[in-house]
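# Analysis of the macromolecular model
The chain contents come next:
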Amino acid sequence: MTDARQKGAVQVLRGLFDDVIRSVSADIAMPKAMPDAPHGRLVVLAVGKAAADMMRVARERARRPIDGLIVTRHGHAPEGLNWPGIELIEAGHPYPDENSLRAADRALEIAHSLHTGDHLLLLLSGGGSALLAAPVEGLNLADKQSVTKLLLRSGATISEINCVRKHLSRIKGGRLAVAAGSAQVTTWIISDVPGDDPSFVSSGPTVADPTTLQMARDIIAKYRIEPPRSVTRALQDPGNETPAADSLGLAGGEVRVIARARDALAAASQAGGALGYTVSSLGDQLQAEARHLGASHAALARRLAADGKPRLILSGGETTVTVVNNKGRGGRNMEYALGLAIALDGAPGIWALACDTDGIDGTEDAAGAVVGPETLARARALGLDPARHLAENNAYLFFRGLGDLVVTGPTGTNVNDFRAVLIEGRP
C-alpha cells in the first residue's frame, strides 16, 4: 500500500500483532519455576508449533540438565538446533506424515520408560494432533491422512475434528499419560482452541477426554463425511473408547493453561487504548465460516464508524472454511479478510488485519493479510476478481497479487487467530 495514511494504519495493525505475539510467547507465558523429580528423572516432551521455544525456555529455567523430545512442524525449529539430551523430530501439519508416526512412537516409548519417582513434563501447543499420529489397530497413515483432509474440508470445528481424531489414536485423548503409568505427569499448555478446554489442545494426549465414540460417529454423520471403511470400523470398536479420568497416569496429573487467545486480546486492547482508540473486544471464542464472519464484522465496522471516533474492533478464536476447490490456495484468515473487504466495498477510513498467531495461515507461507479502503479498487486495476478468488478458495493468490500478505515466518507461539479492524475516525 503506497498511500501515507494507509501505511500508518497498517503499521498500527502490524504493531498490534507484534504486541500480541510477545504477550503469548514462551518467554512470557512459561512459569519461572520448573517442576523437578528429586527421586527420579525429569523428562520433557515439547509438542506443537511452539515446541522449540517452549523447550528452549525449559532448558534455561531448569535446575539441572534435562532430557527430552521436541516434536514440531517442518520448518518450525531453529536451523541447526542441537541441544544435548534433546531429540528433535519435525513432522507434517496439517496432515500427518511418516515422521508423525515416528514422533508418536518415540513419545510413547519415552512415556513407557518412566517409573515411580520420575516426572514427565509435557509442553503442549497447537498442531500436535497431526504431529503425533499413532493410528489404532486396523488403521494406517493413509487412513489418518484421508479422514483428516475430509474433516478439515467439511467445515467442522477444531473441537469436532479432534473428537474424531482422539478415537482413532493410541496417543491422544489421555493415552500418553496412561502410558506414563505411575510417573508424575505435568502438562503446560499454550492453547489454540476456542474456550481453552485442555482436552482439545492437540487432542489432549495427557488430559482426560469428555467425548465418546458415539459423539465421533455423530460428527462424521453431521458433515456427511465418507471416510475409508477402516475408519468406520474403528469408530464402531468399543476398544477405541478413550481412557477413563481415573486411569493410572491421568488421575493426579497437573494440567495448566499458561497462554491463551484471551491474553493476546488483552495485550492488543491495552496497546490500542494507549494509542487513543476506543476498543471493542468481541471475545476469543468466535467460530463461524470465515468469509461470513468477515462480512459480519464489516457491517459492524460500518455502524461504529458513523460517530467519527477512532475505534478498534478485536476478536480471536478459530473460524472454519468449507473447501469447494481442492486446488485453492488460502487460509481461514485470508478468507475472513477477503470476505470483509468485499462487504466493506471501499468504505473510507477502515482497515483490518487477520492473522494466525503461529505465523502460518492454512498451508501457505503467510500469517494472513491486511485490507484497506483501496483493496478492491487496486485489485480490479490488476485484473484480480475478489468474488471469484473467494469463491474458489484462492484468497492467498488474491492478497499475494496485491502485496498485502503478512509474512512473519513461524512465530514460536500459537493461540490461533487474531483479527483487528481499525476505524480511523474523523479529524
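Please refer to the structure higher up on the page.
An account of the accompanying structure is given in this report. This one's a predicted model, so the numbers in the text were calculated from it and none came from an experiment.

About the cut-offs
Residues numbered from 1 in each chain as written. Predicted model: local features only at pLDDT ≥ 70, side-chain atom pairs only at ≥ 80, totals over all residues. Heavy atoms only, no water. Helix = DSSP H or I, 4+ residues; strand = E, 2+ residues; numbered from the N terminus. Buried < 20%, exposed > 50% of the residue type's maximum accessible area, 1.4 Å probe, protein only. Contact = heavy atoms within 4.5 Å. Polar contact = N/O pair within 3.5 Å; in protein donor to acceptor, adjacent residues only side chain to side chain. Salt bridge = Lys/Arg side-chain N within 4 Å of Asp/Glu carboxyl O. Pairing = 2+ DSSP bridges. Axes fitted to C-alpha atoms, helices over the stretch in contact; angles between N-to-C directions. Phe/Tyr/Trp six-rings, centres within 6.5 Å; stacked < 30°, edge-to-face > 60°. Lys NZ or Arg CZ within 6 Å of the ring centre and 35° of its normal.

## What about the side chain of Ser203?
With respect to the helices and strands, the residue Ser203 is situated in the loop between strand S5 (184-190) and helix H9 (213-222). Here Ser203 falls in the buried class, since its relative accessible area comes to 0%. If sequence neighbours within four positions are ignored, Ser203 has contacts with Ser129, Asn162, Arg165, Lys166, Lys172 and Gly173.

## Quick notes on the environment of Gly181
Take Gly181: it is sitting in the loop between helix H8 (175-179) and S5. The spacing of Gly181 and Val231 is 50 residues in sequence and 28 Å in space, taken between C-alpha atoms.

## Digging into the side chain of Thr242
With respect to the helices and strands, the residue Thr242 is situated in the loop between helix H10 (229-234) and strand S6 (254-259). Here the side chain of Thr242 touches Asp209 through a polar contact of 2.8 Å, side chain to side chain. The residues contacting Thr242, other than those within four sequence positions of it, are Lys166, His167, Gly173, Arg175, Asp209 and Thr211.

## What to know about the pattern of salt bridges
Summed over the entire model, instances satisfying the criterion amount to 23 salt bridges. The partner of Glu87 in a salt bridge is Arg106, and the shortest N-O contact between them spans 2.7 Å. Residue Glu87 is found in strand S3 (residues 86-91), and its partner Arg106 is found in helix H4 (residues 98-112); the two are separated by 19 residues along the sequence. For Arg106, a relative accessible area of 24% corresponds to the partly exposed category. One connected set of salt bridges, linked through shared partners, spans Glu318, Arg332, Asp356, Asp417 and Arg419.

## Describing the sheet that holds strand S11 (residues 405-406)
The six strands are arranged S7-S8-S12-S9-S10-S11 in an open sheet whose pairing can be described as mixed. The outermost strands of the open sheet, each flanked by one partner alone, are strand S7 (278-281) and S11. Sheet topology note: the strand S9 (residues 350-356)/strand S12 (residues 417-423) ladder contains seven bridges and is antiparallel. Across the sheet, the residue bridging to Leu353 is Ala420, located in S12. Here helix H12 (residues 290-305) sits on the sheet and contacts S7, strand S8 (311-317), S9 and S12; the angle it forms with S12, its principal contact strand, is near 30°. Helix H13 (residues 332-344) contacts S9, strand S10 (368-371), S11 and S12 of the sheet and is inclined by roughly 165° relative to S9.

## What about the pairing of S9?
On a regular strand, one side chain projects to one face of the sheet and the next to the other, so that they alternate. Burial within S9 is extensive, with seven of its seven residues counted as buried. Going residue by residue along S9, you find Ile350, Ala352, Ala354 and Asp356 tucked away on one face and Trp351, Leu353 and Cys355 tucked away on the opposite face as well. Both S9 and S10 contribute to a ladder of four bridges, which runs antiparallel. Within the sheet, the bridge partner assigned to Cys355 lies in S10 and is Gly368.

## Points about the packing of aromatic side chains
Summed over all chains, the structure comprises two aromatic pairs. When the ring of Phe17 is compared with that of Phe418, the centres are 6.2 Å apart and the planes differ by 15°; the resulting orientation is stacked. Of the two residues, Phe17 sits in helix H1 (residues 4-23) while Phe418 sits in strand S12, which places them 401 residues apart along the sequence. With a centroid separation of 5.1 Å and 90° between ring planes, the pair formed by Phe398 and Phe399 is classed as edge-to-face. Among the residues examined, Phe398 registers a relative accessible area of 0% and is labelled buried. Accessibility expressed as a relative area gives 0% for Phe399, which makes it buried. We note Lys149 situated over the ring of Tyr95; from NZ or CZ to the ring centre the distance is 5.2 Å.

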